[in-house]
Amino acid sequence: MQMPVQRPSSPARSASSRSSKQAALRPANRGRRIRREKRAIAAMCALYCRAHHAGSAEAARLCGACEDLLRYAHQRLDQCVFGELKQPCDQCATDCYSKTQRPRLRAVMRYAEPRLRWRHPLLSLLRLIDKWRAR
């Protein structure tokens, strides 16, 4: 389902009232595709954190830095302008992530995506299909 196009706000309004108004106009994305992307990024963060930050492989929780990154990624997916029609994040032309978060997320994806195939094969297969569809 495609989200309706929003009308641009008038330039006479202040920037703070505009941003709060725009956030109120567009509800968070809750479709199947966005939920699958959230599951994938959560699995990738877990793989990365377990290998780089946790002392043992039995750690079930993410460290604080990875938890913050995952929360930030989920917020960005909730506010994605493409919604259910989005491409995979590594193929998207829009930079949703800030300049400070982008390299961190890139490092997580670079490490975890090849390993995702063995830990979460179905999720990895669905991501691969999404990439092929986006071409």
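This is a predicted model, so every value here is computed, not measured. (Residues numbered from 1 in each chain as written. Predicted model: local features only at pLDDT ≥ 70, side-chain atom pairs only at ≥ 80, totals over all residues. Heavy atoms only, no water.)

### Description of the confidence of the model for the protein
Point 1. Averaged over the protein, the pLDDT score is 78; the fraction of residues at 70 or greater is 73%.
Point 2. Taking the mean pLDDT of every element in the protein, the minimum, 52, falls on helix H1 (residues 15-25) and the maximum, 92, on helix H3 (residues 64-78).
Point 3. This model gives residues 7-12 a pLDDT under 50, and the stretch forms three contacts once residues within four places in sequence are excluded. (pLDDT = per-residue confidence, 0-100. Helix = DSSP H or I, 4+ residues; strand = E, 2+ residues; numbered from the N terminus. Contact = heavy atoms within 4.5 Å.)

### Comments concerning a nonpolar patch on the surface
Point 1. On the surface, a cluster of nonpolar side chains totalling about 420 Å² of accessible area is made up of Leu 122, Leu 125, Leu 128 and Trp 132.
Point 2. Within the secondary structure, Leu 128 is located in helix H5 (residues 121-134).
Point 3. Assessed through its relative accessible area of 36%, Leu 128 is described here as partly exposed. (Patch = residues over 30% accessible without salt bridge, like charges linked within 9 Å, V, L, I, M, F, W, Y side chains within 5 Å. Areas by Shrake-Rupley, 256 points an atom, 1.4 Å probe, with all protein chains shown as cover. Salt bridge = Lys/Arg side-chain N within 4 Å of Asp/Glu carboxyl O. Buried < 20%, exposed > 50% of the residue type's maximum accessible area, 1.4 Å probe, protein only.)

### Regarding helix H4 (residues 102-119)
Point 1. Over its 18 residues, H4 extends 24 Å from the first C-alpha to the last, a length consistent with the 26 Å expected when each residue adds 1.5 Å.
Point 2. Of all the bends in H4, the largest measures some 40 degrees and sits at Glu 113, one to four residues before the proline Pro 114.
Point 3. Taken together, the buried positions of H4 are occupied by Leu 105, Val 108, Met 109, Ala 112, Glu 113 and Leu 116. (Expected span 1.5 Å × (residues − 1). Bend = angle between axes of the 7 residues up to and from the residue.)

### Describing the environment of Glu 67
Point 1. Positionally, Glu 67 belongs in helix H3.
Point 2. The exposure class of Glu 67 is partly exposed, given its relative accessible area of 31%.
Point 3. Separated by 21 residues in the primary sequence, Glu 67 and Ala 46 have C-alpha atoms spaced 9.2 Å apart.

### What to know about the nonpolar core
Point 1. Ranked by size, the top nonpolar core spans 23 residues in total, and within it Ile 41, Met 44, Cys 45, Leu 62 and Val 108 carry the most contacts.
Point 2. Only helix H2 (32-52), H3 and H4 provide two or more residues apiece to this core.
Point 3. For this core, the element with the most residues is H2, which contributes nine residues.
Point 4. Among all residues touching Leu 62, those that are not within four sequence positions of it are Cys 45, Ala 46, Cys 49, Glu 67 and Leu 70. (Core = buried A, V, L, I, M, F, W, Y, C linked by side-chain atoms within 4.5 Å.)

### Quick word on the packing of H2 against H3
Helix-helix packing is described using two parameters, namely the angle between the two axes and the distance between the axes.
Point 1. Interhelical geometry of H2 versus H3 gives an angle of 165 degrees and a closest axis separation of 10 Å. Between H2 and H3, the crossing angle belongs to the class labelled roughly antiparallel. Judged by the sense of rotation from one axis to the other, the crossing of H2 with H3 is right-handed. Across from Ile 34, Glu 37, Lys 38, Ile 41, Ala 42, Cys 45, Tyr 48 and Cys 49 in H2, the residues of H3 making contact are Cys 66, Leu 69, Leu 70, Ala 73, His 74, Leu 77 and Asp 78.
Point 2. Looking at the contact of H2 with H3, its residues break down into eleven nonpolar, one polar and three charged. (Axes fitted to C-alpha atoms, helices over the stretch in contact; angles between N-to-C directions. Parallel < 35°, antiparallel > 145°, perpendicular 65-115°, else oblique. Left-handed = near helix turned anticlockwise from the far one by under 90°. Nonpolar A, V, L, I, M, F, W, Y, C, P; charged D, E, K, R; others polar.)

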